[in-house]
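One-letter residues, chain by chain:
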Amino acid sequence: MPQKAASQSLVPWLLQRITGLFLAFFLVTHLNVHHLFHDITVEGIISFALVQERLTASFWWQVYYFLFVPMVVYHALNGIWEIIADFRVSTGWSFLFKAMFWILGIVLIVVAAITLSNLF
Amino acid sequence: MKFSEKLKGTAQDVNLNRNIGNFSFWLHRLTGIGLSIYLVMHIFVLSSAIGGPESFDKRMGQVQNPFFAVLEVLLIAGVFLHMLNGLRITITDFFAWSRGHKTLFWIITVIFIAVMILTLVLQWPKFFMENYTGGGN
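Residues numbered from 1 in each chain as written. Chains lettered and ligands numbered in written order. Predicted model: local features only at pLDDT ≥ 70, side-chain atom pairs only at ≥ 80, totals over all residues. Heavy atoms only, no water.

Chemist: If you had to explain the overall build of chain A to someone new, which residues and values would you point to?
Modeler: A tally of regular secondary structure across chain A gives 5 helices and 0 strands. Listing the helices and strands of chain A from first to last along the sequence gives α-α-α-α-α. A globule of 120 residues ought to have a C-alpha radius of gyration of about 14 Å, yet chain A, at 18 Å, is considerably larger. The principal-axis extents of the C-alpha atoms in chain A amount to approximately 65 × 25 × 25 Å. Here chain A holds 120 residues, and 42% of them are scored as buried. By sequence separation, contacts in chain A at least 24 residues apart represent 71% of the contacts at least 6 residues apart. By element, 75% of the accessible surface of chain A is carried by carbon and sulfur atoms, the whole surface being about 6800 Å². (Helix = DSSP H or I, 4+ residues; strand = E, 2+ residues; numbered from the N terminus. Rg over C-alpha atoms; globule rule 2.2 N^0.38 Å. Buried < 20%, exposed > 50% of the residue type's maximum accessible area, 1.4 Å probe, protein only. Contact = heavy atoms within 4.5 Å. Areas by Shrake-Rupley, 256 points an atom, 1.4 Å probe, with all protein chains shown as cover.)

See below:
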């Protein structure tokens, strides 16, 4: 008897690749600005004022995070789902995981959006 | 089949196929799981900004010290391992270059080492408590 395919559709697979390519750019930028090139001896520790100063430096940071956050959340949760799907879980568990990840994903994006709106 | 048996089968599969492809496959999954957990924590910690500057500065003060600076190096290592290996997978897939996947693995290893040396240089001041006295601007 043929076994059910681990992944049901081509679309999530392709989206994982596309978001991955975008994330390679977004994450290098994000890490450089907020983690790696944050010189503690010059700028001091990270504070609300410092983050606000960085994010309001250009309008484009709003566009940047509007694209970055949903992409990183999708990539992370879809990635975990792909690992779970590889173990060929039953239909019931599959539904439960999918529902859980959709709720978690929406909550994360909404929380991140409210957080960012406070900092912009 | 029980989930524990599936996990056992996975472990046997890893043990039987000790090669670069399988190693990077599991490295990708493990870093992916780690980074996903970090993403949730990251959004949670930063969400203190919803409560205003005081609550954000208080929360951020708790996660800025040499201990977290070392953890941050691990985070950056995870990000770049996952990113470089992800690019390797994408190049191998989209350009039908599976013959070169092992060569690509060694290329990304060299890039990874270079990135980590730069990371250590840039992170160095954060490993010392005396540099945390400044309250920012």
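Chemist: Can you lay out the interface of chain B and chain A for me, pointing to particular residues and giving the numbers?
Modeler: With 46 residues of chain B in contact, the opposing surface of chain A contributes 43 residues. Both faces combined, the contact of chain B with chain A buries some 3800 Å², and carbon together with sulfur accounts for 72% of it. For the pair chain B and chain A, the number of links is 2 salt bridges. For B:Arg29, the salt bridge goes to A:Asp86, with nearest N and O atoms at 2.8 Å. Taken together, the connections running from chain B to chain A amount to 8 residue pairs in polar contact (both at pLDDT 80 or more). (Buried area = accessible area lost by both parts, 1.4 Å probe. Salt bridge = Lys/Arg side-chain N within 4 Å of Asp/Glu carboxyl O. Polar contact = N/O pair within 3.5 Å; in protein donor to acceptor, adjacent residues only side chain to side chain.)

Chemist: Give a description of helix 5 (residues 91–119) of chain A that names residues and reports values.
Modeler: In a regular helix each residue adds 1.5 Å, so 29 residues correspond to 42 Å; helix 5 of chain A covers 42 Å between its end C-alpha atoms and thus fits that length. Taken as a whole, helix 5 of chain A has its buried residues at A:Ser94, A:Phe101, A:Gly105, A:Leu108, A:Ala112, A:Thr115, A:Leu116 and A:Leu119. The inward-facing, buried residues of helix 5 of chain A contact helix 3 (48–55) and helix 4 (60–86) of chain A together with helix 2 (20–46) of chain B. (Expected span 1.5 Å × (residues − 1).)

Chemist: Can you lay out the packing of helix 2 of chain B against helix 5 (residues 101–123) of chain B for me, pointing to particular residues and giving the numbers?
Modeler: Residue and element names in this part refer to chain B. Here helix 2 crosses helix 5 at 55°, and the two axes come no closer than 10 Å. In terms of axis orientation, helix 2 runs oblique to helix 5. Helix 2 and helix 5 meet at a crossing whose hand is left-handed. Listed contacts from helix 5 to Ile-20, Gly-21, Phe-23 and Ser-24 of helix 2 are His-101, Lys-102, Phe-105 and Trp-106. Its residues placed into classes, the contact of helix 2 with helix 5 shows 4 nonpolar, 3 polar and 1 charged. (Axes fitted to C-alpha atoms, helices over the stretch in contact; angles between N-to-C directions. Parallel < 35°, antiparallel > 145°, perpendicular 65-115°, else oblique. Left-handed = near helix turned anticlockwise from the far one by under 90°. Nonpolar A, V, L, I, M, F, W, Y, C, P; charged D, E, K, R; others polar.)

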